[in-house]
Amino acid sequence: MKHPHNQNEFQDLGLGTRTTGKGERMLNQDGSFNVDRRGLTYFEEKGIYHWLISMRWSRFILLLIGGYAVTNLLFAFLYMIAGLNNLDGMKESSAIGRFMEGFFFSAQTLTTVGYGRLNPVGFWANTIASIESLGGLMGLALATGILYGRFSRPSAKILFSKNALIAPYRDISAFMFRIANQRSNQLIELEANVSFSFLNKHDRTKREFRNLTLERQKINFFPTTWTIVHPIDEYSPLKNFGPQDFIDQDVEFIILLKAFDDTFSQTVYNRSSYRGEEIIYGAKFNIIFGQNERGIVTVDLHRINEHVPADLPDYKNAEIEEINHN
């Protein structure tokens, strides 16, 4: 009978089985895929909404400020073309001062503030102001919606240990890494899926995948840390991999986490990966739990990657030392 472990063999994760063999990771540590998609323009690939909702906050804020400034500069030029004397109540006499009054009048019109000192006179000035008011209402509504979407979008912020370890586990060894929730929100029913990817020994252009059986596939609560463990037993696809094999066969461990976010009442996902050079052989994680003065459990997440050397039953210590030294 086929052992249940062997049922986890599969051909592809959706990342393709062919590789250039250049040693590039398929999945970046931040969860993004390391794929160069060509033949489409930037906005055809992403879409404007997806681009705005997924960009970094710093870029989004700069885009808002820059768009606001450029829009007001554009309308200030339009008012200048129509004649700044058509803005009744203007007090400045210099060209720069009058242009700046037009700029700030544009800002007031765009945001529908309308302080009242300046007001458009004549057909063209009123037309420009009307168009700007309509554009301002629509633009502010759009910006508000995107801001709400960015704030309300559920996402998991999982902290991974910098390295994965090959550590002693009972009477054998195990592949393991440690994770923690960076946020104070409550994640429940956390599931882990770890896939093992490597180059075929006989065909270096072909990549193979194996799904690793974990000591524990799921935990109900996630208030502290979770060390995810794959025992390297006689049925493990890692059984015949020595320390150097993980480098030579361009190994990558691809991790997918799924949890239910109690704050948003939605399922959230997180992805990451470890490559062969990010695996430390013959080590074990330090305990990072403690107690405060009130007897409450504390977890020092700054130490999540902290580990110490440990002897392995199924690797030669000299080989481990040579790999870790390199």
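The structure this text deals with has already been given above.
Residues numbered from 1 in each chain as written. Predicted model: local features only at pLDDT ≥ 70, side-chain atom pairs only at ≥ 80, totals over all residues. Heavy atoms only, no water.

Caption draft 1: A look at the overall build of the protein chain. Secondary structure assignment for the protein chain yields seven helices and 17 strands. The 326 residues of the protein chain split such that 38% are buried. Excluding contacts between residues fewer than 6 apart, the proportion of contacts in the protein chain whose partners are at least 24 apart in sequence is 68%. With an accessible surface of roughly 19500 Å², the protein chain has 55% of that area assigned to carbon and sulfur atoms. (Helix = DSSP H or I, 4+ residues; strand = E, 2+ residues; numbered from the N terminus. Buried < 20%, exposed > 50% of the residue type's maximum accessible area, 1.4 Å probe, protein only. Contact = heavy atoms within 4.5 Å. Areas by Shrake-Rupley, 256 points an atom, 1.4 Å probe, with all protein chains shown as cover.)

Caption draft 2: Structural view of unusual backbone geometry. Despite not being glycine, Arg170 has its phi angle at roughly 55°, a positive value. Within the secondary structure layout, Arg170 lies in the loop between strand S5 (164–169) and strand S6 (172–181). Positive phi outside glycine occurs at Glu189, with the angle close to 50°. Relative to the assigned elements, Glu189 resides in strand S7 (residues 187–199).

Caption draft 3: Representation of the packing of helix H3 (residues 57–82) against helix H5 (residues 123–152) within the structure. Contact pair H3 / H5: the axes reach a minimum separation of 11 Å and the direction vectors enclose 175°. The orientation of H3 with respect to H5, classified from their angle, is roughly antiparallel. The residues of H5 that touch H3, namely those facing Trp57, Phe60, Leu64, Asn72, Phe75, Leu78, Tyr79 and Ala82, are Trp124, Ala125, Ile128, Ala129, Glu132, Ala143, Ile146, Leu147, Arg150 and Phe151. In terms of residue class, the contact of H3 with H5 is made up of 15 nonpolar, one polar and two charged. (Axes fitted to C-alpha atoms, helices over the stretch in contact; angles between N-to-C directions. Parallel < 35°, antiparallel > 145°, perpendicular 65-115°, else oblique. Nonpolar A, V, L, I, M, F, W, Y, C, P; charged D, E, K, R; others polar.)

Caption draft 4: Looking closely at the environment of Leu147. Among the structural elements, Leu147 can be located in helix H5. Its relative accessible area of 29% is what places Leu147 among the partly exposed residues. Remark: the alpha-carbon pair of Leu147 and Phe60, spanning 87 residues in sequence, is separated by 9.5 Å. Sequence-distant contacts of Leu147, defined by excluding residues within four places in its chain, comprise Trp57 and Phe60.

Caption draft 5: Fine view of helix H4 (residues 95–110). When the terminal C-alpha atoms of H4 are compared, their 22 Å separation across 16 residues agrees well with the 22 Å that a helix rising 1.5 Å per residue should span. Listed in full, the buried residues belonging to H4 are Gly97, Phe99, Glu101, Gly102, Phe103, Phe105, Ser106, Ala107, Gln108, Thr109 and Leu110. In this structure, the buried residues of H4 make contact with H3, strand S2 (87–88), strand S3 (119–120) and H5. One or two residues past the end of H4 sits Thr112, with phi positive at roughly 60°. (Expected span 1.5 Å × (residues − 1).)

Caption draft 6: Just the packing of aromatic side chains, in detail. Under the criterion given, the structure shown has 18 aromatic pairs. Judged by centre distance (5.0 Å) and plane angle (45°), the rings of Trp57 and Phe151 are tilted. With Trp57 in helix H3 and Phe151 in helix H5, this residue pair connects regions lying 94 residues apart in the sequence. Here Phe246 and Tyr281 contribute two aromatic rings whose centre-to-centre distance is 5.6 Å and whose plane-to-plane angle is 70°, an arrangement assigned as edge-to-face. Placement of the pair is Phe246 in helix H6 (residues 243–248) and Tyr281 in strand S13 (residues 279–281), with a sequence separation of 35 residues. The burial state of Phe246 is the same as that of Tyr281; both residues are buried. One cation-aromatic arrangement involves Arg150 over Trp57; the distance from NZ or CZ to the ring centre is 4.2 Å. The ring centre of Phe60 lies 4.6 Å from the NZ or CZ of Arg150, which sits over that ring. (Phe/Tyr/Trp six-rings, centres within 6.5 Å; stacked < 30°, edge-to-face > 60°. Lys NZ or Arg CZ within 6 Å of the ring centre and 35° of its normal.)

Caption draft 7: View of the side chain of Ser272. For Ser272, the position within the fold is in strand S12 (residues 266–275). You can call Ser272 buried: its relative accessible area is 4%. Beyond its immediate sequence surroundings of up to four residues, Ser272 is in contact with Leu27, Asn28, Gln29, Phe160, Phe253, Ile254 and Ile255.

Caption draft 8: Here's a closer look at the pairing of S12. Strand direction decides the pairing type here: strand S11 (residues 252–261) and S12, joined by 10 bridges, are antiparallel. Bridge pairing in S12 links Phe260 to Thr267. Turn length for the S11-S12 hairpin, with the two strands adjacent in sequence and antiparallel, is four residues, and the turn residue Ser265 shows positive phi of about 55°. (Pairing = 2+ DSSP bridges.)

Caption draft 9: Structural context of the environment of Ala107. Within the secondary structure, Ala107 sits in helix H4. The residues touching Ala107, leaving out its near neighbours within four places in the chain, are Tyr68 and Asn72.

Caption draft 10: Just the pairing of S11, in detail. Most of S11 is tucked away, with seven of its 10 residues classed as buried. Taken together, the nine bridges between S7 and S11 define a ladder with antiparallel strand orientation. Along S11, the bridge assignment pairs Asn193 with Leu256.

Caption draft 11: View of H3. Along its 26 residues, H3 runs 37 Å from first to last C-alpha, staying within 8% of the 38 Å computed at 1.5 Å per residue. Listed in full, the buried residues belonging to H3 are Phe60, Asn72, Phe75, Ala76 and Tyr79. Looking at the buried side of H3, the elements it contacts are helix H2 (48–54), S2, H4 and H5. Two residues or fewer past H3, Gly83 is found with a positive phi of approximately 110°.

Keep in mind that these numbers describe shape and distance, not what the molecule does.
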